[in-house]
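# Architecture and fold: a report
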Amino acid sequence: MAYSKKVLEHYENPRNVGSMDAKKQEVGTGLVGAPECGDVMRLQIEVDPETHVIKDAKFKTFGCGSAIASSSLATEWLKNKTIDEAMTIDNMDIVEELALPPVKIHCSVLAEDAIKAAIQDYRKKNGLPELELEAKIVH
Amino acid sequence: MLKLPIYLDNSSTTPVDPRVLEAMIPYYTEHFGNAASRSHPFGWSAEDAVDHAREQVARLINATEKEIIFTSGATEGDNLAMKGVFDMYSRKGNHIITVTTEHKAVLDTGKHIEKMGGEVTYLKVDNQGNIDLKELEAAITDKTILVSIMYANNEMGTIHPIREIADIVHKKGALLFTDATQAVGKIPVDVIADGIDLMTFTAHKMYGPKGVGALYVRRKNPRVKVTAQLDGGGHERGMRSGTLNVPGIVGFGKAAELAMQEMHQDAERLSALRDKLENALLGLEEAYVNGNPNSRLPHLTNISFKYVEGEGLMMAFKDIAVSSGSACTSASLEPSYVLKALGLGDDLAHSSIRFSLGRFTTEEQIDFTIDHVKTAVTKLREMSPLWEMFKEGIDLDTIEWAEH
């Protein structure tokens, strides 16, 4: 299977690989996927408690090149967005940006889920009302 | 200079040996005749060439020429053997036994036979890919006409004890068919000593061309018959109609002759290189060999690198060509059914890489591969949340994963 240039570029030079201290108040962590399914993403955000702007984002991903590229791209997009703006990132934006083929759409869904899970985690920790997340069904 | 990329996927297909190609070329141009044309010298020389190749192929497996049916490859041989026996022996019974780790060409033929009213038993394997011979014996009934067990597995290289299997099968009055695609030309296969009744194999796994294979059909003790699955001119003693692929068959014959001469030295050299590769890669933490280390093909190793995903890993292998049991390569989301059948757990199955060496693999290539793989695994582990959790001592089984 041939990968798009953008997937390859993110795979070769992944942005924002790393970990944050999940216990910190201003850090939100989203861990999605399952080892059995062949992909697990952990996405973390550090949010300014005053403005709710995402100051930093990090990821680690177990998965194929498209999963790694999707999470790398997600961390780029998250920075400097408020947590409300970040909620509007749609998996299809990732599909389009990375030119993912249909068989890899689940990677983008996983990235969207990871973003939302990280934001939810942050909201819970900081006493913000929890959001109702609708599950995207792709499998 | 080392030429890149390096080919370590010889269990998928092998390059054609230049000596094989040389033998084939005249049969495209000068001696292009149809081997079935009895009325002129063009046909005669093609027929002579096919006869010679048939001898070369038969000799490699200790068969006689009349027991070799040329086919388009191993898949056709699987279909012809299984469907052909099912049709021919329908009065005796309708039960076939095979194994969950067989090639798709066997498993899907089994499914087809079930639709045609046959019954198929699929034997399970242990965590090294071995079948339980007692289970096999118990599964054979008076309706069992055929037992289909591969000689050596294509994904992890486990070699089945074909002689012992043959004894059990024959004691119970059934026939033994073996898909020996991965074994013939790589390790000694002797249809008499091994007690094989039918056997499929193919040229392109032994440095011959693609599109040509053979089905061995025993003619004595017992005389085995299969019902043809292709109707037509009655070639190959009525068992497989269709104009013979003369250049391909000539190449197959030459490849078989070379295998006979060089198999032992190839196997010795390749198993040393394989061991070197394997031992070096097992130096990485959390790397495991799949298959039976005491009974496996000499040129192959299948290794799971835990906490990295196979396809992601292969993407990092820019300069080596290997294959993976990972989900993504199959375009479905399921990891290798063969590795799952070993009870490996999907996480290990997703993390497996098959390295298969061949006649043209060099030590320099293996040294390069060792460095390349170590770098890639280390890089991907640094990116893997599972590796981080493992390193922190978190038991991944205690986490409630959101299965998707």
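This one's a predicted model, so the numbers in the text were calculated from it and none came from an experiment.

Thresholds applied
- Residues numbered from 1 in each chain as written.
- Chains lettered and ligands numbered in written order.
- Predicted model: local features only at pLDDT ≥ 70, side-chain atom pairs only at ≥ 80, totals over all residues.
- Heavy atoms only, no water.
- Helix = DSSP H or I, 4+ residues; strand = E, 2+ residues; numbered from the N terminus.
- Buried < 20%, exposed > 50% of the residue type's maximum accessible area, 1.4 Å probe, protein only.
- Areas by Shrake-Rupley, 256 points an atom, 1.4 Å probe, with all protein chains shown as cover.
- Lys, Arg positive; Asp, Glu negative; His and termini not counted.
- Charge placed at Lys NZ, Arg CZ, Asp CG, Glu CD.
- Expected span 1.5 Å × (residues − 1).
- Bend = angle between axes of the 7 residues up to and from the residue.
- Polar contact = N/O pair within 3.5 Å; in protein donor to acceptor, adjacent residues only side chain to side chain.
- Pairing = 2+ DSSP bridges.
- Axes fitted to C-alpha atoms, helices over the stretch in contact; angles between N-to-C directions.
- Contact = heavy atoms within 4.5 Å.
- Patch = residues over 30% accessible without salt bridge, like charges linked within 9 Å, V, L, I, M, F, W, Y side chains within 5 Å.
- Salt bridge = Lys/Arg side-chain N within 4 Å of Asp/Glu carboxyl O.
- Buried area = accessible area lost by both parts, 1.4 Å probe.

## A few points about the overall build of chain B
Of the regular secondary structure elements, chain B holds 13 helices and 13 strands. Buried positions account for 58% of the 404 residues belonging to chain B. By element, 52% of the accessible surface of chain B is carried by carbon and sulfur atoms, the whole surface being about 16,600 Å². Measuring between centres, the 42 positive side-chain charges of chain B sit 6 Å from its 56 negative side-chain charges.

## Here we look at helix H8 (residues 246-281) of chain B
All names here are of chain B. The end-to-end C-alpha distance of H8 is 43 Å, clearly below the 52 Å that 36 residues give at a rise of 1.5 Å each. In H8, a bend of some 60° at Glu262 exceeds every other bend along the element. Structurally, the start of H8 carries an N-cap: the backbone nitrogen of Gly248 is 3.0 Å from a side-chain oxygen of Asn245.

## Let's talk about helix H2 (residues 65-78) of chain A
Given 3.6 residues per helical turn, the α-helix brings residues three or four places apart onto the same face. Residues and elements named next belong to chain A. Taking 1.5 Å of rise per residue, the 14 residues of H2 would be expected to cover 20 Å, and the 20 Å separating its terminal C-alpha atoms lies within 8% of that figure. For H2, a buried count of twelve out of 14 residues is recorded, marking the element as mostly surrounded by other parts of the structure. Of all the positions in H2, only Gly65, Ser66, Ala67, Ile68, Ala69, Ser70, Ser71, Ser72, Leu73, Ala74, Thr75 and Leu78 are classed as buried. Positioned one or two residues after H2, Asn80 has a phi angle of 70°, which is positive.

## Focus: the sheet that holds strand S1 (residues 27-34) of chain A
All names here are of chain A. Across the sheet, three strands lie side by side as S1-S2-S3; this open sheet has antiparallel pairing. One side of each edge strand has no neighbouring strand; the edge strands of this open sheet are S1 and strand S3 (54-62). Strand-to-strand twist across the sheet, computed as the mean angle between neighbouring axes with direction ignored, equals 10°. Across the sheet, H2 is in contact with strand S2 (39-47) and S3; its angle to S3 comes to roughly 175°. Set on the sheet, helix H5 (residues 105-125) makes contact with S1 and S2; between it and S1 the angle comes to about 145°.

## Let's talk about a nonpolar patch on the surface
A grouping of Val16, Leu21 and Ile25 of chain B is seen on the molecular surface, where their side chains present a nonpolar patch of about 220 Å² in accessible area. Checked against the element boundaries, Ile25 of chain B lands in the loop between helix H1 (18-24) and helix H2 (41-60).

## Notes on the environment of Thr178 of chain B
Residue and element names in this part refer to chain B. If you trace the backbone, Thr178 turns up in strand S6 (residues 175-179). If near-sequence neighbours (up to four positions away) are discounted, Thr178 is found in contact with Ile149, Met150, Tyr151, Ile162, Ile196, Leu198, Met199 and Thr200. Looking at Thr178, its side chain comes within polar contact range of the main-chain oxygen of Ile149, at 2.7 Å.

## Some points on the interface of chain A and chain B
Listed per partner, the contact involves 32 residues of chain A and 29 residues of chain B. Taken together, the two surfaces of chain A and chain B that pack against each other cover about 2,800 Å², and 65% of this comes from carbon and sulfur. When residues of chain A are sorted by the area they lose upon contact with chain B, Tyr11, Glu36 and Phe62 of chain A head the list and together hold 24% of the total. Summed over the shared surface of chain A and chain B, the number is four salt bridges. Between Arg42 of chain A and Glu388 of chain B there is a salt bridge whose closest N-O contact spans 2.8 Å. Our count for the contact surface shared by chain A and chain B stands at 13 residue pairs in polar contact (both at pLDDT 80 or more).

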